[in-house]
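Letter by letter, the chains look like this.
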Amino acid sequence: MSETSLDRPEQQADRPEEVTDPLLWKLALEVADAHEPDGDGGCRNLLCAGQPWPCAAWNNAQHALSVARADAAPAAPVDADGREPATGWSATPPAQRRPASRVAA
């Protein structure tokens, strides 16, 4: 069986011990690295041309980094304006959510 990049010793040495999702951690680091500031107050990634830094992608990568850690309470992801999305996202895991029809008044 071939060795994956997540199993290499140098990858594990850079990862904090409290990381419980190594794949999410690695991908989030790659996104954050790709969306660094350009020195003029904007994001250097071409997909974010004209957007101020920190861009939504960088903020969401930071959210993913916190989710990948066992001890961190995740922050909500943000939209392109740096605000939490108004619909469709909940910090509560799906298994712990109650359907609206079952919530007692």
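**Student:** For this particular structure, what's the right way to read the overall build of the protein?
**Tutor:** Across its full length, the protein holds three helices and zero strands. Counting from the amino terminus, the protein carries its helices and strands in the arrangement α-α-α. If you take every contact in the protein between residues at least 6 apart in sequence, the share linking residues at least 24 apart comes to 30%.

**Student:** Explain the pattern of salt bridges here, please?
**Tutor:** Oppositely charged side chains are able to pair whenever their charged atoms sit close together. Per the stated rule, a full pass over the model turns up three salt bridges. In this structure, the salt-bridge partner of E30 is K26, at a minimum N-O distance of 2.4 Å. Of the two residues, E30 and K26 both sit in helix α2 (residues 22-34), four residues apart, roughly one turn of that helix. For R44, the salt bridge identified is with E36, shortest N-O distance 3.6 Å. Note on R44: relative accessible area 46%, which makes it partly exposed.

**Student:** Please explain the confidence of the model for the protein as it appears in this structure.
**Tutor:** Interpreting fine coordinate detail is not advised for predicted regions of low pLDDT. When pLDDT is averaged along the protein, the result is 74, and 54% of the positions lie at 70 or above. Throughout residues 1-6 the model reports pLDDT below 50, and contacts reaching past four residues in sequence, or to other chains, amount to ten contacts. Low pLDDT, under 50, characterises residues 86-90; the stretch is placed with five contacts to residues that sit more than four places away or in other chains.

**Student:** Explain the environment of G39 to me, please; I cannot follow it from the model alone.
**Tutor:** With respect to the element layout, G39 can be found in the loop between α2 and α3 (56-67). Given the relative accessible area of 69%, G39 is considered exposed. Taking the C-alpha atoms as reference points, G39 and W53, 14 residues apart in sequence, are found 9.5 Å from one another.

**Student:** Got a minute to help me understand the nonpolar core in this structure?
**Tutor:** Across soluble globular proteins, you tend to see nonpolar side chains buried next to one another. Counting residues in hydrophobic clusters, the biggest one holds six residues: V19, W25, A28, A64, L65 and A68. Every element with two or more residues in this core is listed here: α2 and α3. If we skip the residues at most four places from it in the chain, A28 touches A61, A64 and L65.

**Student:** Explanation requested: α3 in the structure shown.
**Tutor:** Side chains three or four residues apart in an α-helix point the same way, a direct result of the helix having 3.6 residues per turn. Its twelve residues place the ends of α3 16 Å apart at the C-alpha level, agreeing with the 16 Å of an ideal helix rising 1.5 Å per residue. Those residues of α3 that sit buried are A56, A61, H63, A64, L65 and S66. Looking at the packing, one finds that the buried side of α3 touches α2.

**Student:** Explain the environment of G41 to me, please; I cannot follow it from the model alone.
**Tutor:** Relative to the helices and strands, G41 is located in the loop between α2 and α3. Residues G41 and W53, twelve residues apart in the sequence, show an inter-C-alpha distance of 5.8 Å. Among all residues touching G41, those that are not within four sequence positions of it are P52 and W53.

What counts, and where the lines are drawn
- Residues numbered from 1 in each chain as written.
- Predicted model: local features only at pLDDT ≥ 70, side-chain atom pairs only at ≥ 80, totals over all residues.
- Heavy atoms only, no water.
- Helix = DSSP H or I, 4+ residues; strand = E, 2+ residues; numbered from the N terminus.
- Contact = heavy atoms within 4.5 Å.
- Salt bridge = Lys/Arg side-chain N within 4 Å of Asp/Glu carboxyl O.
- Buried < 20%, exposed > 50% of the residue type's maximum accessible area, 1.4 Å probe, protein only.
- pLDDT = per-residue confidence, 0-100.
- Core = buried A, V, L, I, M, F, W, Y, C linked by side-chain atoms within 4.5 Å.
- Expected span 1.5 Å × (residues − 1).

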